[in-house]
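# Understanding the architecture of this molecule
The chain contents come next:
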Amino acid sequence: MKETVFTKNLLLWNKKSNTRLMPWKGEKDAYKIWLSEIILQQTRVEQGWAYYEKFINAFPTVHHLAKAPEQQVFKMWEGLGYYNRCKNLIETAKIISEKYDGKFPDSYEEIRNLKGIGPYTAAAISSFAYNLPYAVVDGNVERVLARYFGDTTPVDTTIGKKFYTALATKLLDKEQAGTYNQAIMDFGAVICKPKNPLCEICVHQKNCTAFQTNNVGNLPVKKKAIQKKIRWFYYFIIEVNGATYIHQRKQNDIWQNLYEFVLYETSEPLYQQEIIESTFFKNLFGKQKINVKKVSPVYKQQLTHQTINGQFINVSINKNISFLKDYKLVINKEINQYAFPRFITAHLQQTHTEQQLF
DNA sequence: AACGCGGGGCC
DNA sequence: GGCCCAGCGTT
């Protein structure tokens, strides 16, 4: 196939002007490539960078990762978000370590069938590790192609995925798939950025439909985001003899597999008095004598489609609450071995800092 | 086909 | 406050 102008100019830019450096760039170890790709799913390079190095240091091979206690892996993932990635990471590590004897599969289909690996990640690993001719289609690629070809197909639809995958496959330099894929993503991140793209120095300027028609700011097209939810989380930090109740979130909801305290969730804010008079509170403590030691300020954590307002109520009691079945009673010194959502970690650190002051 | 899943940086 | 990020699994 004759190389397109787009591909030629992209590779020329890559060779002459692409100075972007990242720890995993040029990596040939499929395990390390895989790890970097999982970390980077829906995650900015700057945010994932330190996590990648931390993981590689702790787990130099897939066997190290497969053998690690799940709790430790989640603790290392803490704060990175999309925690299902971590669960799938662990599962896939075990399969590669045991079923594949530590050797990462080297066909697109086998790679694609692993948990946590979709079309993008399979193409990335296939091309970077084995130079197989699969085109990556991520946010960068969609944006670059939508602008260059002036296409208004919404990228966040099945039709859009299919369209951009076909287009990207056509443009791919199949002789150097890894280099090409890295180049187009670097180009999207460095030049054809979402905001303030560097059109003035862009090698595609003459051929870019969006630039020529003054539509760079209008592309790519996305369908409207869904409405945001607001939730109130009231956490009881219940202490009994120097230990605290925690519980792993297992329900189909945010923060799956992370830990939390005893949660009373409402859809509307409550006054302290309303909390104390609530059925939840009465069922929890019954008639037993409790000591409300402290009530925190309201924390706010902004997720993509939800706002979480959280407040902590420190309570000490003398007797165990027998019906807290799915809870662990963890001695306070060991609390920090568990992975928590971001604002809980922040609160625990805040509390810890205050205690240092006195 | 639509929806839910985090946290952070930038405008 | 909104948008977007080296997407994926579930329903």
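Computed from a predicted structure; not experimentally measured.

### Observations regarding the protein's contact with DNA strand C
As a matter of local geometry, DNA strand C sits amid 26 residues, with Trp24, Glu37, Gly116, Thr121 and Arg143 nearest to it. Near-protein atoms of DNA strand C (within 4 Å) split between backbone and bases, with sugar and phosphate holding 61%. Here a phosphate oxygen of DNA strand C and a side-chain polar atom of Asn140 are 3.2 Å apart. Secondary structure elements with two or more residues in the surface near DNA strand C: helix H2 (30-40), helix H8 (119-130), helix H9 (139-149) and helix H11 (177-190). A class-by-class count of the residues in the surface near DNA strand C yields 10 nonpolar, nine polar and seven charged.

### Structural notes on the protein's contact with DNA strand B
Taken together, 22 residues form the shell around DNA strand B, and within it Arg44, Thr158, Trp255, Gln301 and Gln306 come nearest. Within 4 Å of the protein, the contacting atoms of DNA strand B are 57% sugar and phosphate, with bases supplying the remainder. A distance of 2.9 Å is found between a base oxygen of DNA strand B and a side-chain nitrogen or oxygen belonging to Tyr82. Among the residues forming the surface near DNA strand B, the class breakdown is eight nonpolar, 10 polar and four charged.

### Digging into the packing of aromatic side chains
A complete count under the given rule lists 30 aromatic pairs for this structure. An angle of 20° between the planes, with centres 5.7 Å apart, marks the rings of Tyr235 and Phe312 as stacked. Remark: Phe312 occurs in strand E7 (residues 306-317) and Tyr235 occurs in strand E1 (residues 229-240); sequence separation between them is 77 residues. As far as the burial class goes, Tyr235 and Phe312 line up, both buried.

### As for the pattern of salt bridges
All told, the structure shown has 11 salt bridges when counted by the stated rule. Here Lys25 ties to Asp186 by a salt bridge, and the two come within 2.7 Å at their closest N and O atoms. Linking Lys25 in the loop between helix H1 (5-17) and H2 with Asp186 in helix H11, this pair joins segments that are 161 residues apart in sequence. Of the charged contacts, one joins Glu265 and Arg231 as a salt bridge, the two residues approaching to 2.7 Å between their closest N and O atoms. Of the two residues, Glu265 is situated in strand E4 (residues 262-266) and Arg231 in strand E1; the sequence distance between them amounts to 34 residues.

### Focus on the environment of Val262
Here Val262 lies in strand E4. Considering only alpha carbons, one finds Val262 and Tyr245, 17 residues apart in sequence, at a separation of 7.1 Å. Every residue in contact with Val262, bar those within four places of it in the chain, is listed here: Tyr234, Tyr235, Phe236, Ile238, Tyr245, Phe280, Leu284, Leu324 and Tyr327.

### Comments concerning the domain arrangement of chain A
We note that the domain assignment places domain 1 (5-136 + 166-208) and domain 2 (229-357) within chain A. With centres defined by C-alpha atoms, the gap from domain 1 to domain 2 works out at 37 Å. The interface of domain 1 with domain 2 comprises seven residues on the first partner and 12 residues on the second. Across the domain 1/domain 2 interface, buried area totals approximately 870 Å², and carbon plus sulfur atoms make up 53% of it. At the boundary of domain 1 and domain 2, one finds zero salt bridges.

### What to know about the packing of H8 against H11
The N-to-C vectors of H8 and H11 enclose an angle of 130°; their axes lie 7 Å apart at closest approach. Classified by the interaxial angle, the pair formed by H8 and H11 is oblique. Considering the relative orientation of H8 and H11, their crossing is left-handed. Contacts between H8 and H11 involve Tyr120, Ala123, Ser127 and Phe128 from the first element and Ala177, Gly178, Asn181, Gln182 and Met185 from the second. Per-class residue counts for the contact of H8 with H11 are five nonpolar, four polar and no charged.

### Examining the state of the cysteines
Per the counting criterion, the structure on display carries zero disulfides. Unpaired in terms of disulfides, Cys199 finds its nearest cysteine sulfur in Cys202, a separation of 6.3 Å.

About the criteria used
- Residue numbers restart at each chain and count upward from 1, following the sequence in its written direction.
- Working convention: letters from A go to chains and numbers from 1 go to ligands, in the order in which they are written.
- Predicted model: local features are reported for residues with pLDDT of at least 70 only, side-chain atom pairs are reported and counted for 80 or more only, and whole-chain, interface and lining totals are derived from all residues.
- Note: side-chain values were computed over all heavy atoms of the structure, leaving out hydrogens and water.
- Proximity is defined per residue: any heavy atom of the residue falling within 4 Å of a molecule or strand makes that residue near it.
- Under this definition, polar contacts are N or O atom pairs within 3.5 Å; protein pairs additionally need one hydrogen-donor-capable and one acceptor-capable atom, and for neighbouring residues in sequence, both atoms have to be side-chain atoms.
- Each helix is a run of H or I in the DSSP string that is no shorter than four residues. Each strand is a run of E no shorter than two, and both are numbered from the N terminus.
- Note that Gly is not counted as nonpolar here; it falls among the polar residues with everything else outside the nonpolar set of Ala, Val, Leu, Ile, Met, Phe, Trp, Tyr, Cys and Pro and the charged set of Asp, Glu, Lys and Arg.
- Pairing of aromatic rings covers Phe, Tyr and Trp, the last counted by its six-membered ring, and requires centre-to-centre distances within 6.5 Å; plane angles under 30 degrees mean stacked, over 60 mean edge-to-face, and any other angle means tilted.
- To sort residues, take the accessible area from a 1.4 Å probe on protein chains only and compare it with the maximum for the residue type: under 20% means buried, over 50% means exposed, and anything in between is partly exposed.
- In what follows, salt bridge is the name for a side-chain nitrogen of Lys or Arg lying within 4 Å of a carboxyl oxygen of Asp or Glu.
- It only takes one pair of heavy atoms within 4.5 Å for two residues to be counted as in contact.
- Those domain boundaries reflect an automatic or database domain assignment.
- Defined here as a combined quantity, buried area equals the accessible surface (1.4 Å probe) lost by two parts on assembly, summed across both.
- An axis is simply a line fitted to the C-alpha atoms; with a helix, the fit covers only the stretch in contact. Between two such axes, the angle follows the N-to-C directions and lies from 0 to 180 degrees.
- The cut-offs work like this: below 35 degrees is roughly parallel, past 145 is roughly antiparallel, 65 to 115 is roughly perpendicular, and the gaps in between are oblique.
- What makes a crossing left-handed is the near helix being turned counterclockwise from the far one by less than a right angle; a clockwise turn instead makes it right-handed.
- For this text, the term disulfide refers to a pair of cysteine sulfurs within 2.5 Å.

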